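Report on the structure
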Amino acid sequence: MHAFDILGDPVRRRILELLADSELPAGSIASTIGTEFGISQPAVSQHLRVLRDNGFATVTVDGTRRLYAVAPGPLQEIDAWLDRYRKFWTNRLDALDTELRRGRRAAPKDA
């Protein structure tokens, strides 16, 4: 499966957002995702499996708990792939920053 196929699913993107903050137990992920998306625990488990099987997440067994964490490798590969396209938005963001700074200097000061 291609990385963008994996990340194209909003449930899997949300799981990665949760994992970006900290390692989480599967039950906590299932509870949050189930509430937000209205899907069952087995459905969340399938999404976790896709992330794990494709290298986006790691799992550590801690007694009866399974702790999931982000695996940075595939995300670094996506970042490297996007690098060739950054020129399309970097210059525009730099120009926006320049205009915002000019606007701050030109704005009248409140009395």
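See the structure above.
These numbers were taken from a predicted model, which means no experiment stands behind them.

**What to know about the packing of aromatic side chains**
Scanning the entire structure with this criterion turns up two aromatic pairs. Taking the centre distance of 5.2 Å and the plane angle of 65° together, the rings of Phe4 and Trp81 count as edge-to-face. Placement of Phe4 in helix α1 (residues 3-7) and of Trp81 in helix α5 (residues 72-83) is noted, with a sequence separation of 77 residues between them. Given a relative accessible area of 36%, Phe4 falls into the partly exposed group.

**A word on the pattern of salt bridges**
Enumeration according to the criterion identifies four salt bridges in this entry. Among the salt bridges present, the one from Glu17 reaches Arg14, with a minimum N-O distance of 3.4 Å. A residue pair is termed a helical-turn pair when its members lie 3 or 4 positions apart in one helix, as Glu17 and Arg14 do in helix α2 (residues 10-21) at three residues. The exposure class assigned to Arg14 is partly exposed, which follows from its relative accessible area of 23%. Linking Arg14 and Glu36 is a salt bridge whose minimum nitrogen-to-oxygen distance equals 2.7 Å. Of this pair, Arg14 sits in helix α2 while Glu36 sits in helix α3 (residues 26-37), placing them 22 residues apart in sequence.

Parameters and conventions
Residues numbered from 1 in each chain as written. Predicted model: local features only at pLDDT ≥ 70, side-chain atom pairs only at ≥ 80, totals over all residues. Heavy atoms only, no water. Phe/Tyr/Trp six-rings, centres within 6.5 Å; stacked < 30°, edge-to-face > 60°. Helix = DSSP H or I, 4+ residues; strand = E, 2+ residues; numbered from the N terminus. Buried < 20%, exposed > 50% of the residue type's maximum accessible area, 1.4 Å probe, protein only. Salt bridge = Lys/Arg side-chain N within 4 Å of Asp/Glu carboxyl O.

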